[in-house]
Each structure stands twice: as structure tokens, then as C-alpha cells.
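Structural overview for review
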There are 2 protein chains.
Amino acid sequence: MASRSDTKTRILDAAEKLFAERGFSETSLRLITSKAEVNLASVNYHFGSKKELIRAVLARYLDRFMPEASDELMLIKASGDPSLNDIFSSLVKPLLELNKFKVDGTSTFLQLLGRGYIESQGHLRWFITTHYGEHLNKFVKAVAESAPHIPPAEMFWRLHFTLGTVVFTMASADALTEIAQADFNEHYDIEAVIRKVIPYLAAGVAVPVSTQ
Amino acid sequence: MASRSDTKTRILDAAEKLFAERGFSETSLRLITSKAEVNLASVNYHFGSKKELIRAVLARYLDRFMPEASDELMLIKASGDPSLNDIFSSLVKPLLELNKFKVDGTSTFLQLLGRGYIESQGHLRWFITTHYGEHLNKFVKAVAESAPHIPPAEMFWRLHFTLGTVVFTMASADALTEIAQADFNEHYDIEAVIRKVIPYLAAGVAVPVSTQ
DNA sequence: GTCTATATTACGATAGAC
DNA sequence: GTCTATCGTAATATAGAC
């Protein structure tokens, strides 16, 4: 029989699930500790505050994802000039790897990321860019090199369009898959959604700049 | 000297600004009534509850936007088979018209729409689709007709990707235009951003479905 | 480290005088 | 319609016993 995990882990596990489903501000410490079957006061003992718990939840995923995404990027760059599709697709394996870490790890991570960008008034954005900016820069540079016909200013806008697509889609992923299942009787898991969005993103980023 | 607007309008005006900036659950009735300089109890007198206030805020924009968007769509369909670019472009005028209704009306509306889709657990989505479903269906149908090579289920996903792109971009438009100006010495207003995003959207929506 | 108990603050909502 | 006052609830956080 598996031994009960320690309190800190139990809190992180319960929190990430609830944060992803309901958002940060809609999830109370009472709900988290109740689901985790730990005492309410233990959150403040182990993490200090709710804000720091949120960061810890995100960091647990980012520390796994970011280095592996960087490795994959290096790998495909080593084997020639990757296309935009190749670059975006290089993220799929690191993303799906998160499912080995936790059940529904991939969608949990992407939903947390989306919520972090949309919900927080900057403190999560700051946390991500200062702690993982190096990885992000490498990715942006690779995209720019694979679409040299797009001027830097235009690429700036398009990468933010792309960020918006991903963030919104992932934050709404549960609702969208439910609707899609009801309306089209087709089942989509998170991998299907990821693979669906990549061609969309690549096409938008690479479309020739209008001369009109 | 301009007469003070009535309480109901003052509440709506204050609420829409705060909701767009901070989100619905992060905006308390106390904050709204304080900014609106009206009594706290007046919200419940005029709207019944916070939830109904949220719907009223959205309805004020949707009631202006939706009929005009439908009209514009009919107009371009009457003059031939419109391209995807034409269809998306037909939204520009109705969107910019909102700036005549209120300062920053366009971006406020799009931000509210995004928050409504992400933050609420379905009641806003339900409200929008049941009250404005007829308009939405016409738009979706026009898009589908102009890209007949995309199956309906695929189109469902791509239109939601598109919604995400627009909503996120508009929510960050202020910050993005500032950065763009500093980094690339180019000035963009809301119309410029909208016109920039349209080719990106059209390319993503129309990209051939991968057969891989 | 974990617990009980509680401090403190804020929320949405409403009763009732005017 | 508008106000004051307040109810009932729930939030984060902490003090202090064990």
C-alpha cells in the first residue's frame, strides 16, 4: 500500500488541480486543504502565503518543461534548418512528457499557464519571464530565423497573437472539448488540441506581410 | 454644465471599466459603487445581483455590436462571394463604431468578451449564445462557406483559436503598442492592430487540414 | 509539523428609515 | 430611489498548545 505523500506535496497536488479548473482567485485555501486532507494552517507553514503557493505550483511544472523544451529545440536545430511547424512541434514531446509526471499533467500545465497570464496583474508574468527568460529568448530567435521574410516588428506582433491563441485556448480547453464532444460527437484529448493548433499558428506567423 | 448621468448608467460605466481591467471576480461591488460615486445598495436595487450587473454590462455592448456586424456581413455577401479576409474585415467597422459610444469602447468590449469566456463557469457563455446565437450562426456560416475545404469540427476549433487571438491581443493592446513603439519606433492605434491581426487569422483559419 | 481557535478583513446582499 | 446600518458568510492569515 502506497504511503501517504507528505503534506507539502499533497497541497501542491490538490492546488494545481483546483487552480487549473477554477482559476487562482476562485480557489480558496480552505478548498485546497480540504481536498488535500491536510490542515488549513499547513499552507502558510509550508508556503508562507497563497501567492507563493501559486508560484510553487507553476514552478514545479516550468522546471520540468523549460529545460526539456530547450533541449528539443537544440536537437531539431542541430539536424538542419527547422520549419515553423518543426519548431512548434518540438514543444509537443516536452508537453506530453508532463503526463508521465502527473495524470493530465499537460493540460494542467497549459491551463495554469493561461490562467497565469490572464488572471494575474503581472506578478506571474514577471515570475515567468525573469526565471525562464533565457529559454524563451532561444525559442523566439529560432522562430525568427525560420521565417526570415517577416520583419522583426511584424514578428513581434505575430508572436503575441500566437501567445494569445495558445493561452486562451488552453484556459478554455475543458469547456471547448466538452462543446466539441456534444456538437460533433468527437472526443479530443489535450494532444489532439495541441496538434490541431500548431498548423494554425504556423500559418498565421508565416503569412506574407500584406503590401496593401 | 453637463448634468450628472443617472445612477444606473453611472454603475454600468464604472463597472465595465473595472471588469475589463481586473476581471469580474476581482471587482467588488464596493469598488464599483465607490468609483461611480453612488450608494452601495443601488446596485442591488437597479440590477438585483452582481451576476445580473455583469450581464447588463455585456448586453449594452452586444446590443450595439451584434446587429451592426450582421448588417455589414449581409452587405458584403450581397456584393459577391466574400473571402475570409473580407468577412473578418467586415467586423472592423462595427468594432470601431464602439469607440464612438465610449472612449476605448472597442478594446473594453473585447476584453469583457474574453473575461466572460474564460472566467465565468458557463453562465455568460450561455447568455451570449442564447441571446445572440442567431448573429453568431450567420457569421460562422459565412466563414464556413468561404472556406469549404475545412470540415465543420475543424472550423469550430479554428474559430475558437481566432477568438482567443483577438481577445488576448486586445486585452494586451495597450502594453503591446507601447513596447512596439519603444522597440521599433512605429506607432499603432487600435485600428492598426485590428488590421494587422486579420491576415494572421485568415491564414490560420484557411490553412489546409494536415493529412499526416 | 500539526492542530485548534481565532483575529482581521472583505464580500454580496438586504432591511428599513427617509 | 437613495441612504445608513448591518446581517451572514467566507476569505487569508496567525498565535499558541501540543
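You'll find chain A entered in an unreviewed UniProt entry as TetR family transcriptional regulator, with Shewanella algidipiscicola given as the organism.

What follows deals with the protein's contact with DNA strand D. In the region of DNA strand D, 14 residues are neighbours, and Leu29 and Arg30 of chain A together with Thr7, Asn39 and His46 of chain B sit closest. Taking all atoms of DNA strand D within 4 Å of the protein, the share assigned to sugar and phosphate is 59%. At 3.0 Å, a backbone N or O of lysine 50 of chain A approaches a phosphate oxygen of DNA strand D. Side-chain polar atom of histidine 46 of chain B to a phosphate oxygen of DNA strand D: 2.9 Å apart, as the coordinates give it. Among the secondary structure elements, those contributing two or more residues to the surface near DNA strand D are α2 (29–36) and α3 (41–47) of chain A together with α3 (41–47) of chain B. The greatest single-element share of the surface near DNA strand D, amounting to three residues, is contributed by α3 of chain B. Of the residues that constitute the surface near DNA strand D, the class distribution is five nonpolar, seven polar and two charged.

Moving on: the UniProt feature "domain: HTH tetR-type" (unreviewed entry) in chain A. Per the UniProt annotation, the sites labelled "domain: HTH tetR-type" (unreviewed entry) are residues 5–65 of chain A. The span residues 5–65 of chain A is 77% helix and 0% strand, and its two end C-alpha atoms sit 23 Å from each other.

Turning to the interface of chain A and chain B, a few remarks are in order. Each partner contributes to the interface: chain A provides 41 residues, whereas chain B provides 41 residues. Across the interface of chain A and chain B, roughly 3,700 Å² is buried in total on both sides, 74% from carbon and sulfur atoms. Contact with chain B buries area across many residues of chain A, yet Trp157, Phe168 and Tyr200 of chain A alone supply 23% of it, more than any other trio. Taken together, chain A and chain B are joined by two salt bridges. A salt bridge links glutamate 154 of chain A to lysine 196 of chain B; the shortest N-O distance between them is 2.9 Å. In this structure, the connection of chain A to chain B is made through eight residue pairs in polar contact (both at pLDDT 80 or more). Taken together, the elements giving at least two residues each to the side of chain A that touches chain B come down to α7 (105–119), α9 (152–171), α10 (173–184) and α11 (190–206) of chain A.

Once that is clear, we can look at the packing of aromatic side chains. All told, the structure shown has 23 aromatic pairs over all chains when counted by the stated rule. For the ring pair tryptophan 157 of chain A and tyrosine 188 of chain B, a centre distance of 5.1 Å and an interplane angle of 75° mean the geometry is edge-to-face. Here the residue tryptophan 157 of chain A occupies a position in helix α9, and tyrosine 188 of chain B occupies one in the loop between α10 (173–184) and α11 (190–206), the pair thus bridging two chains. Residue tryptophan 157 of chain A shares its accessibility class with tyrosine 188 of chain B, and that shared class is buried. Note on phenylalanine 65 of chain B and phenylalanine 109 of chain B: the rings are 5.1 Å apart at their centroids and 45° apart in plane angle, and the pair reads as tilted. Within this pair, whereas phenylalanine 65 of chain B is found in helix α4 (residues 50–78), its partner phenylalanine 109 of chain B is found in helix α7 (residues 105–119), the two being separated by 44 residues in sequence. Both residues of the pair, phenylalanine 65 of chain B and phenylalanine 109 of chain B, belong to the buried class. Residue placement shows lysine 8 of chain A over the ring face of phenylalanine 47 of chain A; its charged tip is 5.8 Å from the ring centre.

Procedures and definitions
Note on numbering: residues in each chain are counted from 1, in written sequence order. The order in which chains are written sets their letters, starting at A; the order in which ligands are written sets their numbers, starting at 1. A pLDDT threshold of at least 70 governs which residues receive local features in this predicted model, and a stricter bar of 80 or more applies before side-chain atom pairs are shown or counted, although totals over entire chains, interfaces and linings include all residues. As a rule here, side-chain values cover all heavy atoms of the structure and leave hydrogens and water aside. In these notes, residues near a molecule or strand are those with any non-hydrogen atom within 4 Å of it. Pairs of N or O atoms are called polar contacts if they sit within 3.5 Å, as long as, within protein, a hydrogen donor faces a hydrogen acceptor (for residues adjacent in sequence, only side-chain-to-side-chain pairs). Numbered from the N terminus, helices here are DSSP runs of H or I no shorter than four residues, and strands are runs of E no shorter than two. Gly is placed with the polar residues, together with every amino acid not listed as nonpolar (Ala, Val, Leu, Ile, Met, Phe, Trp, Tyr, Cys and Pro) or charged (Asp, Glu, Lys and Arg). UniProt positions are given in the numbering used here, feature names are shortened, and annotations may be inferred rather than shown by experiment. In this analysis, two residues are considered to be in contact whenever any of their non-hydrogen atoms come within 4.5 Å of each other. Using a 1.4 Å probe, buried area is obtained as the accessible area two parts lose upon being combined, added over both of them. Between Lys or Arg on one side and Asp or Glu on the other, a salt bridge is scored when a side-chain nitrogen of the former is within 4 Å of a carboxyl oxygen of the latter. When two rings of Phe, Tyr or Trp (its six-membered ring) have centres within 6.5 Å they constitute a pair, described as stacked for plane angles under 30 degrees, edge-to-face for angles over 60, and tilted for the intermediate range. Here the term buried applies to any residue with accessible area under 20% of the maximum for its type, exposed to any over 50%, and partly exposed to those in between, with areas from a 1.4 Å probe on protein chains only. By definition, being over a ring means that NZ of Lys or CZ of Arg is both within 6 Å of the ring centre and within 35 degrees of the ring normal.

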